[in-house]
Amino acid sequence: MEIEKSVNAQKAYFATCATLPISYRLEMLKSLKTAIKAHEPDIIQALKSDLGKSEHEGFMCEIGMTLNELSHFIKHLRSWNRPKRHPIALVNFPSKGYSVYDPYGCVLIMSPWNYPFLLCMQPLVGALAAGNCCIIKPSAYSPATSAVIKQIIEEVFPSEYVMVVEGGRQENQALLEQRFDYIFFTGGVTVGKQVMEKAARHLTPVTLELGGKSPCIITDSCDLKVAATRLVFGKYLNCGQTCVAPDYCLVDAKIKEPFLKLVKEQVVKMYGANPLENPDYGKIINAKHFERILGLIDPQKIILGGTSNPETLQIAPTILDNVTSRDAVMQEEIFGPILPVITYETMEEAEAFIKQYEKPLALYLFTKDSRLEKKFMNHVSFGGGCVNDTIVHLSESSMGFGGVGHSGMGTYHGKKSFETFTHKKYILKKYNWLDLPMRYQPYKKLYLKLIRFFLH
């Protein structure tokens, strides 16, 4: 009942048109940015508590990217929101066409636990910049970060404008029973399907940012050292708990051995000989996921790592060699610090291997061959990705991010977030100084000839 009252209060506030002026939206974005900076130590501590993130990683991957997104919106929002002119056909002379951006109204944002601050705030920035009211539902698995988010939101916004609902499955279900004007969900495929099913009852539009088995392809034409360094960074960042982390690695058989040697060297260089003793190495979110990830490791195929600590919920960066599509680690998204390595002989073989799975959220190709790059990018469907790097495409506010098929639907980041949280309304304005009679009855042959002339 309280959740229903909150949704109704936000709808009533939106109906006052208080959120529509661009000056007000910009003021709120600036206030949010100021509050985040003020609470930076609290956010860092919360991320450390929930996921074992270091200050460096917490700022680089969550706080800094949020602040950058806010700056991007503050700089560009006025130009994005201006009405756009559209050319009009001669048949509608005299008139002009234009479009305006309409906020949806009351928006629900459901965020995950793996980047609990970033993946709550980034869509929120877009929703507020678009002129919406918003209810935020952080993950129950990252309670410390959820508490800080709630504190920040309550300091900056009245609850009828933006509010945080904490809790678990019961609160999720109660929220999804409400009629929102838009739902933005980030999480797993199973829950994503439930969100979409609930939204369908009210014909509520949704954005689903999901995941999948994102491949990393290492070709014989790439810079092996650079590829190894960037693969290790992308795979083991946040202990592999990244929706766009390279899930598995396809390596050309001709360069597998020297490449794996470089990968092992980079793991030791970045995380030390004993990663579980590294104070900057994070942990798995909870015991349930810790046990699930350990269950994906085949001890016979470990060539690096494999050690774990159930007390700290840590699993060392692990590499599995000679993996096949039948192995347990290839039956689901790993979402942990395990890198399965699979060899291929030809690019056609690598392409076919990827296509046996659902369309991934990301794909990473390491190559210096521009023709191979073009062919592969055109032949394989995926949400987005990089050539000669991993996961950094997420950091670009000028580029949209989103999935396709089972990896999600809809796009956000930067201007794409603004467009996601608005309806683009097209309008034809007709002038009164001329009114051609050819569309009106009684019809005449001459008028039909004129219509045929215009419509052909």
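Everything numeric here is computed off the predicted structure, so don't read it as measured data. (Residues numbered from 1 in each chain as written. Predicted model: local features only at pLDDT ≥ 70, side-chain atom pairs only at ≥ 80, totals over all residues. Heavy atoms only, no water.)

(A) Broad picture of the overall build of the protein. On a plain count of helices and strands, the protein comes out with 15 helices and 18 strands. For the protein, the spread of C-alpha atoms along the principal axes amounts to about 85 × 55 × 40 Å. For the protein, with 456 residues in total, the buried portion stands at 52%. Considering only contacts within the protein whose residues lie at least 6 apart along the sequence, 72% involve residues at least 24 apart. For the protein, the exposed surface amounts to about 20,800 Å²; the carbon and sulfur share of it is 54%. Across the protein, 52 positive and 46 negative side-chain charges occur, with their mean positions spaced 13 Å apart. (Helix = DSSP H or I, 4+ residues; strand = E, 2+ residues; numbered from the N terminus. Buried < 20%, exposed > 50% of the residue type's maximum accessible area, 1.4 Å probe, protein only. Contact = heavy atoms within 4.5 Å. Areas by Shrake-Rupley, 256 points an atom, 1.4 Å probe, with all protein chains shown as cover. Lys, Arg positive; Asp, Glu negative; His and termini not counted. Charge placed at Lys NZ, Arg CZ, Asp CG, Glu CD.)

(B) Inspection of the pairing of strand β2 (residues 95–103) at higher detail. Alternating residues of β2 divide into Ser 95, Gly 97, Ser 99, Tyr 101 and Pro 103, all buried, and Lys 96, Tyr 98, Val 100 and Asp 102, none buried. Where strand β1 (residues 84–86) lies against β2, 3 bridges are found, and the strand directions are antiparallel. Bridge assignment links Arg 85 to a residue of β2, and that residue is Tyr 98. (Pairing = 2+ DSSP bridges.)

(C) Up close: the sheet that holds strand β9 (residues 248–252). The strand order across the open sheet built from 7 strands is β10-β13-β14-β9-β8-β15-β16, with neighbouring strands paired in mixed fashion. The sheet is open, and its two edges are formed by β10 (302–304) and β16 (384–387), each paired on a single side. Strand-to-strand twist of the sheet, defined as the mean angle between neighbouring strand axes without regard to direction, takes the value 25 degrees. Sheet analysis places strand β13 (residues 318–320) next to strand β14 (residues 338–344), joined by 3 bridges and oriented parallel. By the bridge assignment, Leu 320 is partnered in β14 with Pro 340. Against the sheet, helix α9 (residues 224–236) contacts β8 (215–218), β9, β13, β14 and β15 (362–366), and its axis sits at roughly 140 degrees relative to β14. (Axes fitted to C-alpha atoms, helices over the stretch in contact; angles between N-to-C directions.)

(D) Representation of the environment of Val 268 within the structure. When you line up the elements, Val 268 lands in helix α10 (residues 256–271). Classification of Val 268 as partly exposed rests on a relative accessible area of 42%. Taking the C-alpha atoms as reference, Val 268 lies 22 Å from Gly 58; in sequence the two are 210 residues apart.

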